[in-house]
Amino acid sequence: MTVSYSNLNSTASRLIKNFGQEVTFTRLAETYTPTGFSSSSSTYTADLVVIDQPKTQDEQGLIAESKTALASSSTAILISDSVEVNSEHFRVNNVKTVRPASTTLFYELELVS
């Protein structure tokens, strides 16, 4: 029995789109050269469904809001990309690409505020 990963990809994308929302991610690119520094940003869209999680406290006593999200995007999502969800600004802290064989089904993200 063979598994059709394109069908799994379609199903995952459809579920994330139906239960989530379209968001715009921003990626900052910084370049250092001997003559100076330059930065630019680019944006891409993705469908995202957020799974709420409670706020956590780290060793220094700082409270950070961390959320898990599932995303469907034709652009690879990278650590440090940023996104605004429901008027809250988040940074991608961790990315797990769910990719059996060579087909990316979706991304599991850890978002921090």
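Structure: above.
Structure report, in brief. The shown structure was predicted, so the numbers you read here are calculated from the model rather than taken from an experiment.

What counts, and where the lines are drawn
- Residues numbered from 1 in each chain as written.
- Predicted model: local features only at pLDDT ≥ 70, side-chain atom pairs only at ≥ 80, totals over all residues.
- Heavy atoms only, no water.
- Helix = DSSP H or I, 4+ residues; strand = E, 2+ residues; numbered from the N terminus.
- Buried < 20%, exposed > 50% of the residue type's maximum accessible area, 1.4 Å probe, protein only.
- Contact = heavy atoms within 4.5 Å.
- Areas by Shrake-Rupley, 256 points an atom, 1.4 Å probe, with all protein chains shown as cover.
- Lys, Arg positive; Asp, Glu negative; His and termini not counted.
- Charge placed at Lys NZ, Arg CZ, Asp CG, Glu CD.
- Phe/Tyr/Trp six-rings, centres within 6.5 Å; stacked < 30°, edge-to-face > 60°.
- Pairing = 2+ DSSP bridges.
- Axes fitted to C-alpha atoms, helices over the stretch in contact; angles between N-to-C directions.
- Salt bridge = Lys/Arg side-chain N within 4 Å of Asp/Glu carboxyl O.
- Core = buried A, V, L, I, M, F, W, Y, C linked by side-chain atoms within 4.5 Å.

### Some details on the overall build of the chain
Thought 1: A count of helices and strands for the chain gives one helix and eight strands.
Thought 2: Here the C-alpha coordinates of the chain stretch approximately 55 × 40 × 25 Å along the principal axes.
Thought 3: Here the chain holds 113 residues, and the buried ones make up 29% of them.
Thought 4: Considering only residue pairs separated by 6 or more positions, the chain has 47% of its internal contacts joining residues 24 or more positions apart.
Thought 5: Accessible surface, the chain as shown: approximately 7,500 Å² in total, 50% of it carbon and sulfur.
Thought 6: Of the side chains in the chain, 8 bear a positive and 12 a negative charge, and the two mean positions are spaced by 8 Å.

### Focus on the packing of aromatic side chains
Thought 1: Across all of its chains, the model carries two aromatic pairs by this definition.
Thought 2: On the basis of an interplanar angle of 5 degrees and a centroid distance of 5.3 Å, the ring pair of Phe-25 and Tyr-44 is categorised as stacked. Of this pair, Phe-25 sits in strand S1 (residues 21-33) while Tyr-44 sits in strand S2 (residues 36-51); the two residues are 19 residues apart in sequence, bridging distant segments of the chain.
Thought 3: Centre to centre, the rings of Tyr-32 and Phe-37 are 4.9 Å apart; their planes meet at 40 degrees, and the pair counts as tilted.

### Points about the sheet that holds strand S7 (residues 88-98)
Thought 1: With antiparallel pairing, six strands are arranged side by side around a closed barrel as S1-S2-S5-S8-S7-S6. In this sheet, neighbouring strand axes are inclined to one another by 45 degrees on average, regardless of whether the strands run parallel or antiparallel.
Thought 2: The sheet contact formed by S1 and strand S6 (residues 82-85) spans two bridges and is antiparallel. Its bridge partner lying in S6, Phe-25 is registered against Val-83.
Thought 3: Strand contacts of helix H1 (residues 5-19): S1, S2, strand S5 (66-72) and strand S8 (106-112), with the helix running at about 90 degrees to S2, the strand carrying the most contacts.

### Thoughts on the pattern of salt bridges
For side chains of opposite charge, pairing can occur when their charged atoms come near one another.
Thought 1: Applying the stated criterion across every chain yields a total of one salt bridge.
Thought 2: Between Asp-81 and Arg-27 there is a salt bridge, and its shortest N-O distance comes to 2.8 Å. Remark: Arg-27 occurs in strand S1 and Asp-81 occurs in the loop between S5 and S6; sequence separation between them is 54 residues. When sorted by exposure, Asp-81 lands in the same class as Arg-27, which is buried.

### Details of the pairing of S6
Each regular strand displays side chains that alternate between the two surfaces of the sheet.
Thought 1: Judged from the four bridges that link them, S6 and S7 form a sheet pairing that is antiparallel. Following the sheet pairing, Glu-84 is matched in S7 by His-89.
Thought 2: Remark: two residues form the turn of the hairpin made by S6 and S7, two consecutive strands paired antiparallel; Asn-86 in that turn has positive phi of roughly 50 degrees.

### Quick look at the nonpolar core
Thought 1: Counting residues in each nonpolar core, the largest one holds 15 residues, and the members touching the most others are Phe-25, Leu-48, Ile-77, Val-83, Leu-109 and Leu-111.
Thought 2: Broken down by secondary-structure element, the contributors of at least two residues to this core are S1, S2, S5, S6, S7 and S8.
Thought 3: Once residues within four sequence positions are removed from consideration, Leu-48 is found in contact with Ile-16, Gly-20, Gln-21, Val-23, Phe-25, Ala-69, Leu-70, Ala-71, Val-85, Leu-109 and Leu-111.
Thought 4: Residues Ala-12, Val-49, Leu-105 and Phe-106 belong to the second largest nonpolar core, which totals five residues.

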